[in-house]
Amino acid sequence: MKLTLKIWKQKNNSTAGKFETYSVEADEHMSFLEMLDVLNESLLEQKKEPVVFEHDCREGICGSCSMVINGQPHGPNKGTTACQLHMRYFKDGQTITIEPWRAKAFPIVKDLVVDRSAFDRIIQAGGYISVNTGQAQDGNAIPIEKGLASEAMDAATCIGCGACVAACPNASAMLFTSAKVSHLGLMPQGEVEHTKRVQSMVTQMDTEGFGNCSNVGVCEAECPKGISIENIARMNRQYIGSVFGSQTKVEKA
Amino acid sequence: MPLKANSPEGTLDDKWTKYRSTMNLVAPNNKRRIDIIVVGTGLAGAAAAATLGELGYNVKAFTFHDSPRRAHSIAAQGGINAAKNYQNDGDSVFRLFYDTIKGGDYRSRESNVHRLAEVSRNIIDQCVAQGVPFAREYGGLLANRSFGGVQVSRTFYAKGQTGQQLLLGAYQALSRQISLGNVEMYNRHEMLDLVIEDGKARGIIARNLLTGKLERFGAHCVVLGTGGYGNVFYLSTNAMGSNVSAAWRATKRGALMANPCYTQIHPTCIPVSGEYQSKLTLMSESLRNDGRVWVPAHKEDVMAIREKRMSAKDIPEDRRDYYLERRYPAFGNLVPRDVASRAAKVACDEGFGVNKTGLAVFLDFASAIQRYGKTEAHSNGIHNPDPKKIEELGKKVIEAKYGNLFEMYEKITGENPYDVPMKIFPAVHYTMGGLWVDYNLETNIPGLFALGECNFSDHGANRLGASALMQGLADGYFVIPYTIGQFLSKEIRTPKINSDAPAFMEAEKDVDGRLKKLLSINGSQSVESFHRRLGLIMWEYCGMSRNAEGLQKGRKLIQELRAEFWKDVFVPGSDDEFNPELEKATRVADFLELGELMMVDALDRNESCGGHFREEYQSEEGEALRRDDEYAYVAAWEWVDGGDPVLHREDLEFENVELKTRSYK
């Protein structure tokens, strides 16, 4: 199949970027990233700079790949990262537009690569349980209801790719942040410090420059792991509860 | 160089306890003055960095990824073993120890493996306390499943994403230490050299991948948790970025690389579909509980399938060869990984492969669907179910057990495995070899430690399923925080390491020269094309079966390819910018040396054991033939640029287990 690609090229964050047009011969069995490999291989043969994109595990779990394909983060297929998207879902002769995540809090590094370290800082603000190695009691000391553990697991399955932010018209990180707040807050081990956690993480999220949530819901629709916006509702409840219902107050840095 | 394992005195089951209680400590006021570099933030690295930070050391942690959460530990599916005996099925520390030694075909060190089995229990406790959402029973207690052909259920899991959840646990513990200021995190920094001063590891040279700038970092010691080198084969289940460079740079500075030829080839992966293929995807070992492996028994059927004139369903039962069930009646489709992989290779070598490349066998769930369908119908009170109903009910059971894997298979291949059998083929998955370490996880270079997959220590010649996660976390959480004190207690008077000292400046100059050289070649072939060619040589001559002639030829071919690389590679861009092609070039350059060492090691080992199968050493039935009298040793290699690698042996002593032939007939 012959394809036309319109790809965002940008040298770094301080220079302007623009779309470049390429053509590539692809095979329906290729993954989307392998199609880009083929393009890059042909660019290198002509001694041109390849298109830079982030990728690693290529099995949908590391969260590295991050590109908007024809207007949708990770492309047209539901529950699928760009690395697991295959070319059989595209048509011969089609034009495909490929852009980076676009959000103020995710500055562009080069071409399709953005800086997502804001997510790390949100986790550092409180996305953990304060236990040192060696302090743990026996694993079976606290029974946890099967359904609850499974709900926590569903929230914990977030791969930190940032598609939710890229999809949101406000570039909000509420889905990402609430998934971690929910995962930890649902477990009895994490409940202990959840008042402080939810305030700290929300404060950090705001500091990073992510937008607010206006209940559009596109984050859930585009999330490759199907993280539910129920998590956002849960975080909102916990946030309000912790601000008005407790003595704990986290000040903005 | 005499290799001393430094295993403590005492009986097997109290060595670690006694040692831990008597080893040297570093007082809290001194810990604050000691710097530690940790390279790699997967299970081993992140666990170590977090724990050392908690203890009060000044830790600097490095990853080439944009975030510590991306390390390839995240992709582990199946689970993590621990000798908890929660199922009351007779498990114990000794049994886990024994299974691991035997599974490794008696090529690992008893004392290390026993310690691993001991601390396995603490890992589960620790992870639960961190909030890892392990699977649970209705009573709220932790669930287990059986795995990898052992006779007890000791595997803890979180859906098919156990690695992800354990890594996120370690990442969160690390994030907490970063926020407390105990760990300084360097994302997008790749270690390109090790710095040695007065014979001790004292720092690294790292490249800031965003700016391209080389940076010098000094510390009282260096800990590597940088993973395995399966990508030397180009195609593997490893992530695209997984590489050997940190460990290989240490080897170039004098560290010994042990048993590099021990490679685990996983039997159930999705086959290669074309030349453009960049990586292979694993289908969990658990599928072999219900899937039957077969190829057609007649060549004309094979051809008909390849030419798509027939499908698997058209082949009647009596024209199929369920070769694992035929060759290994006792274990059938559940033989260990190395045995299953070799059997698939034999079938394909004989011309029975079932896709257009001839490199695939069927993994068929039709019998399981029938079996489960009948049981379901019966338990639903349907006494004369029609075949359609049976199939419908059976598929539901299969979906509940393996739904996510079947979905992934369909995404990649476009075929529906509920209706047609999966096509699978073995692929490189894990490397048991790695940097040689003693009982303290210290390499032969004082102050250089290696943890997790990047060391050689616990899995011998073959790793059991669900043991990689166990080892990574054992090393990081529960071993290195203690054993590092044996070295650091002697360093409390050592002032801050000066990274402007001559050793650092020279190492930086070396790295800079190497990068400039790569950019200046300006040849005509891409890095990727060299990597792909290296992979083909490795797979052909040092893959699932090896022989002396092939290994000699393979070594020569790699030497030639390496020479060609340094003459004709093309790396675009410059070294003062974000340049992934340059990163790839430094990694492939290192693989081009490691590959040669793997050939040398495989050639030295004139026996077959675990993942290493030498065609010259097999029984009459074609099974692996170990030679304990001559080869019960660890082969630790000293790399010599431009010369022959030098072998250093650590003889393995078995005091607690009897060496037996593994049989699955």
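Residues numbered from 1 in each chain as written. Chains lettered and ligands numbered in written order. Predicted model: local features only at pLDDT ≥ 70, side-chain atom pairs only at ≥ 80, totals over all residues.

**Details of the interface of chain B and chain A**
Taken together, the 62 residues of chain B in the interface contact 63 residues of chain A. Those elements that provide at least two residues to the side of chain B that touches chain A are helix H3 (43-55), helix H5 (110-130), helix H6 (162-180), helix H12 (387-413), helix H13 (468-488) and helix H17 (580-604) of chain B. Looking at which element gives the most residues to the side of chain B that touches chain A, the answer is H6(B), with nine residues. Within the side of chain B that touches chain A, the residues separate by chemical class into 25 nonpolar, 24 polar and 13 charged. (Contact = placed C-beta atoms within 7 Å. Helix = DSSP H or I, 4+ residues; strand = E, 2+ residues; numbered from the N terminus. Nonpolar A, V, L, I, M, F, W, Y, C, P; charged D, E, K, R; others polar.)

**Quick notes on the environment of Ile159(A)**
Residues and elements named next belong to chain A. As for its placement among the helices and strands, Ile 159 is situated in the loop between helix H3 (146-156) and helix H4 (163-167). Ile 159 gets classed as buried once you count the C-beta atoms within 10 Å, which come to 25. The spatial distance from the C-alpha of Ile 159 to the C-alpha of Cys 223 is 9.5 Å, given a sequence separation of 64 residues. If near-sequence neighbours (up to four positions away) are discounted, Ile 159 is found in contact with Ile 61, Cys 62, Gly 63 and Lys 225. (Buried ≥ 20, exposed ≤ 12 C-beta atoms within 10 Å, placed from the backbone.)

**As for the sheet that holds strand E2 (residues 18-25) of chain A**
Residues and elements named next belong to chain A. Pairing in this open sheet of five strands is mixed, and the strands run E2-E1-E5-E3-E4 from one edge to the other. Each of the sheet's edge strands pairs with one partner strand only, and the pair in question is E2 and strand E4 (72-73). Pairing geometry for strand E1 (residues 2-9) and strand E5 (residues 95-99), over four bridges, is parallel. Residue pairing across strands places Ile 7 opposite Ile 98, the latter belonging to E5. (Pairing = 2+ DSSP bridges.)

**A short note on the domain arrangement of chain A**
All names here are of chain A. We note that the domain assignment places domain 1 (2-99) and domain 2 (117-245) within chain A. On the side of domain 2, 10 residues touch domain 1, which itself brings 12 residues to the contact. Of the residues in the side of domain 1 that touches domain 2, the class split is four nonpolar, eight polar and no charged. (Domains from an automatic or database assignment.)

**What to know about the sheet that holds strand E5 (residues 183-186) of chain B**
Residue and element names in this part refer to chain B. Strand order in this open sheet of five strands is E5-E2-E1-E9-E17, and the pairing throughout is parallel. For this open sheet the edge positions go to E5 and strand E17 (448-450), each flanked by a neighbour on one side alone. Mean inter-strand twist for the sheet, computed between neighbouring axes without regard to direction, equals 20°. Strand direction decides the pairing type here: strand E1 (residues 35-39) and strand E9 (residues 221-224), joined by four bridges, are parallel. (Axes fitted to C-alpha atoms, helices over the stretch in contact; angles between N-to-C directions.)

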